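Report on the structure
Below are the chains, spelled out letter by letter.
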Amino acid sequence: MSETMTVSTQKGTSPRRRWTLDAIYCNLSYLTMVLPGAIWLFIFAYLPMPGIILAFKNYRLQRPPEDFWTQNKFIYSLIKSEWVGWDNFKYLILPVNLNNTLEFVRNTLLYNLLFMVAGLVCAIALAVIIYELTNRFWAKLYHSIFFLPFFISWVVVAYVVYALANQSGIINTALASLNMPMLEIYKAKILWPFIFLIANIWKYTGNGSILYLAIITGIDRQLYEAAAIDGASKWQQFFNITLPQLVPTIVLLQILAVGRIFVSDFDMFYTLPANSAFIREVTTTIDVYVFNMLRSTSPLGYPAAVALVQSVIGFVLILVANYIVRKVRPDLALF
Amino acid sequence: MRTAKPKIARDMLSISPSTNVALNVLMVICAILTLAPFYVIIIASVTNEKTLIADGYRLWPKEFSLAAYSYLFREGSIIITAYKNTIISTVAGTILSVILVMLYAYPLSRNNFRFSTFFTFFAFFTMLFGGGLVSYYMVMRQILQIQNTIWALFLPSAFSPFWVFVLRTYIKTNVPDELIEAARIDGASEWTTLLRVVLPLSVPGLATVALFSAIGIWNNFFNALLLIDNVELYNLQYTIYSTLNNIRFLLENADKMQGLVSLADLPSQTFRMAMAVVTVGPIILAYPFFQRYFVRGLTIGAIKG
């Protein structure tokens, strides 16, 4: 999948790439084609970028005077609000807030690491098993089934969690018939890492295995035949033939995942716990925190500061990740 | 998979029959576990409400009832409105994204487009860096002011740099340069070439873009959460989310609010599960027909030219 994102700069195709009238005229039809997309990108991706200065401001909503060049309250307030330097960032590490800050950073990092490892193992195991099964019809059917959850929204998954585990849910009905105490999942912190892990594996394993399956299918059968003739077992074949072929892709995908380690799956972390206050400690990630702050009455600068740190660290991590890929496998580098 | 090999010497390389059986058993168990959640909500939705409250959720209900569904599709129900909003935004968003992505990808796939480096970077940079949620929220609400309009449900998801690069690769590998040059020599303009030559050959790639985009908008919950406050404009995902959330909150605080709310007034359990079922229904029904396009979409890059 990541190979598709490879952005090759086409060097040498055009000696001058300056925006001269001549060049624009020659490429006019191409330019009109990219224009709608470029406008979308400008509005939805570039327009919010200058807004990162919110992190350094004490944002106050003000009404612009009649003669100001724009009558938009947000733009005016953004410009006129006072600069407060690093105050918004300092707020997050005040002794009162430090614990909270460390919690949501920890949650984001640990959950992402957990999902990376579990996702990798499950996806490769599934790909290998699907490939080895002798009946192709069943193999395809299994794979179709495992791929299905990828298309189900997290909100529906939240319903499933609720149906399974509410007071009259299946789990508690079963526990009650065994005379066991009731499980209140919206109050039990210890359960949530498992719930997230299971939900994550359920949703993404089928999808994650597709790329590995495509690579395994492409491996030359003669390698396996030679190994089999030499008496290599299936496990030996896996570790000495299949795995080495998968390694470049594994490395690439994991490095990219590290690049996104500060970004959490907002929909999952926000919908599954259904805002229960008892488990906030283990379910709040950076994105959820930013959203909650944004919706609260606290100054906009605080969530903006968190979002800025997240954006910048994410950006740096992707650059570093790409640099490493470039050293190891230049053909797989993103840019 | 597209690179299916002839089955030479499959016998020698095949796993032993006993391993095969063991793996099949494992796969069947996993498949059942994967499908179990769907089963749970479907069964709960067709259980008689009183049975559900008295006995709790069961694997096989004592009494079936379709009351929840008939209630759901009664006139004026919130689900009908939500369905309407979801369908409108999915159709509009999918059409828009196919057009935008195709128009952006085609010039980038051509070597003679002089600004291709610039526009590649223009799109790619947005995948690396963003303004963050806070400023996005403020720009959407204060500058664009698309909150509480139907546009908010699909415009923010109507374009994707990722699919631009997928489609660009697809065009490069599947539409021969000679064909485009031949069209040019015959006097076709860039637009004619795109519509008459490139477009027909890119249909499988575009189908993938369309399907992923449709699923993305159908399942989109974040846009509505962020930008919609008006019940009339809730989409399906947000409707069922707010229902679940309200109920869980009320149940949790029922002891504190004695007398203020009675549990009997809440939407019934079966009703809620029926809501979840009608939300995923179209996806599950369409899935068998479109599954190969989804798989292709994810392996499309493996054939980089």
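Residues numbered from 1 in each chain as written. Chains lettered and ligands numbered in written order. Predicted model: local features only at pLDDT ≥ 70, side-chain atom pairs only at ≥ 80, totals over all residues.

**A short note on the overall build of chain A**
Looking only at helices and strands, chain A features 15 helices and two strands. Taking 20 Å as the expected radius of gyration for a compact globule of 335 residues, we find that chain A reaches 26 Å, considerably beyond that expectation. Each of the three principal axes of chain A carries a C-alpha extent, and together these read 85 × 75 × 35 Å. Taking contacts inside chain A between residues at least 6 apart in sequence as the whole, the part at least 24 apart equals 69%. (Helix = DSSP H or I, 4+ residues; strand = E, 2+ residues; numbered from the N terminus. Rg over C-alpha atoms; globule rule 2.2 N^0.38 Å. Contact = placed C-beta atoms within 7 Å.)

**As for the overall build of chain B**
Check the secondary structure of chain B and you find 15 helices and zero strands. Expressed as a percentage of the 305 residues in chain B, the buried residues total 40%. Long-range contacts, defined here as pairs at least 24 residues apart, represent 74% of the contacts in chain B between residues at least 6 apart. (Buried ≥ 20, exposed ≤ 12 C-beta atoms within 10 Å, placed from the backbone.)

**Here we look at the environment of Leu47(A)**
With respect to the element layout, Leu47(A) can be found in the loop between α2 (28-46) and β1 (57-58). Among residues more than four places away in sequence, those in contact with Leu47(A) are Phe42(A), Val139(B) and Ile143(B).

**Concerning the nonpolar core**
Judged by nonpolar contacts, the single largest core of 148 residues is most densely connected at Ala158(A), Tyr159(A), Val290(A), Val101(B), Val134(B) and Leu167(B). The greatest single-element share of this core, amounting to twelve residues, is contributed by helix α9 (residues 192-218) of chain A. Counting only domains with at least three residues in this core, you end up with domain 1 (49-84) and domain 2 (89-332) of chain A. If we ignore the near neighbours within four places in the chain, the residues touching Ala158(A) are Thr271(A), Leu272(A), Ala274(A) and Leu244(B). Counting six residues, the second largest nonpolar core, distinct from the first, contains Leu252(A), Ile255(A), Ile318(A) and Val325(A). (Core = buried A, V, L, I, M, F, W, Y, C linked by C-beta atoms within 7 Å. Domains from an automatic or database assignment.)

**A short note on the interface of chain B and chain A**
Listed per partner, the contact involves 92 residues of chain B and 96 residues of chain A. At eleven residues, the largest contribution of residues to the side of chain B that touches chain A is made by helix α2 (residues 17-45) of chain B. Across the side of chain B that touches chain A, the residue classes break down as 61 nonpolar, 25 polar and six charged. (Nonpolar A, V, L, I, M, F, W, Y, C, P; charged D, E, K, R; others polar.)

**A word on the packing of α2(A) against helix α6 (residues 116-128) of chain B**
Their axes nearest at 11 Å, the elements α2(A) and α6(B) cross at an angle of 35 degrees. As for how α2(A) packs across α6(B), the hand of that crossing is left-handed. On the side of α2(A), the interface is formed by Val34(A), Ala38(A), Leu41(A) and Ala45(A), while α6(B) contributes Phe119(B), Phe122(B), Ala123(B) and Thr126(B). Looking at side-chain class alone, the contact of α2(A) with α6(B) contains seven nonpolar, one polar and no charged residues. (Axes fitted to C-alpha atoms, helices over the stretch in contact; angles between N-to-C directions. Left-handed = near helix turned anticlockwise from the far one by under 90°.)

**A short note on the packing of helix α5 (residues 95-132) of chain A against α9(A)**
All names here are of chain A. Contact pair α5 / α9: the axes reach a minimum separation of 6 Å and the direction vectors enclose 50 degrees. Comparing their axes, α9 and α5 come out oblique. When the axes of α5 and α9 are compared, the crossing they make is right-handed. Residues belonging to the contact of α5 with α9 are distributed by class as follows: 19 nonpolar, six polar and no charged. (Parallel < 35°, antiparallel > 145°, perpendicular 65-115°, else oblique.)

**Let's talk about the confidence of the model for chain A**
The pLDDT averaged across chain A works out to 84; a share of 94% of its residues lies at or above 70. Under a pLDDT of 50 for its full length, residues 1-14 of chain A has, in the predicted model, 31 contacts with residues more than four places off or in other chains. (pLDDT = per-residue confidence, 0-100.)

**Focus on unusual backbone geometry**
Residue and element names in this part refer to chain B. Of note in this structure, Gln-145 is not a glycine but carries a positive phi near 55 degrees. Here Gln-145 lies in the loop between α7 (133-144) and α8 (151-154). Given 14 C-beta atoms within 10 Å, Gln-145 falls into the partly exposed group. Positive phi is not limited to glycine here, since Asn-148 has a value of about 60 degrees. Of note, Asn-148 is situated in the loop between α7 and α8. A tally of 14 C-beta atoms within 10 Å means that Asn-148 is categorised as partly exposed.

**Section: the domain arrangement of chain A**
Residues and elements named next belong to chain A. Per the domain assignment, the segments of chain A are domain 1 (49-84) and domain 2 (89-332). Just the C-alpha atoms count here: the centres of domain 1 and domain 2 sit 39 Å apart. The partner domain 2 presents seven residues to the six residues of domain 1 that form the contact. Partitioning the side of domain 1 that touches domain 2 into residue classes produces four nonpolar, one polar and one charged.

**Examining the environment of Ala158(B)**
The topology assignment puts Ala158(B) in the loop between α8 and α9 (161-174). The exposure class of Ala158(B) is buried, given the 25 C-beta atoms found within 10 Å. As a C-alpha pair, Ala158(B) and Ile95(B) span 63 residues in sequence and 8.6 Å in three-dimensional space. In this structure, Ala158(B) is in contact with Trp40(A), Gly93(B), Leu96(B), Ser97(B) and Leu100(B), ignoring residues within four places of it in sequence.

**Some points on the environment of Leu195(B)**
All names here are of chain B. Within the secondary structure layout, Leu-195 lies in helix α11 (residues 190-201). The class for Leu-195 is partly exposed, based on 13 C-beta atoms found within 10 Å. Considering only alpha carbons, one finds Leu-195 and Ala-276, 81 residues apart in sequence, at a separation of 40 Å.

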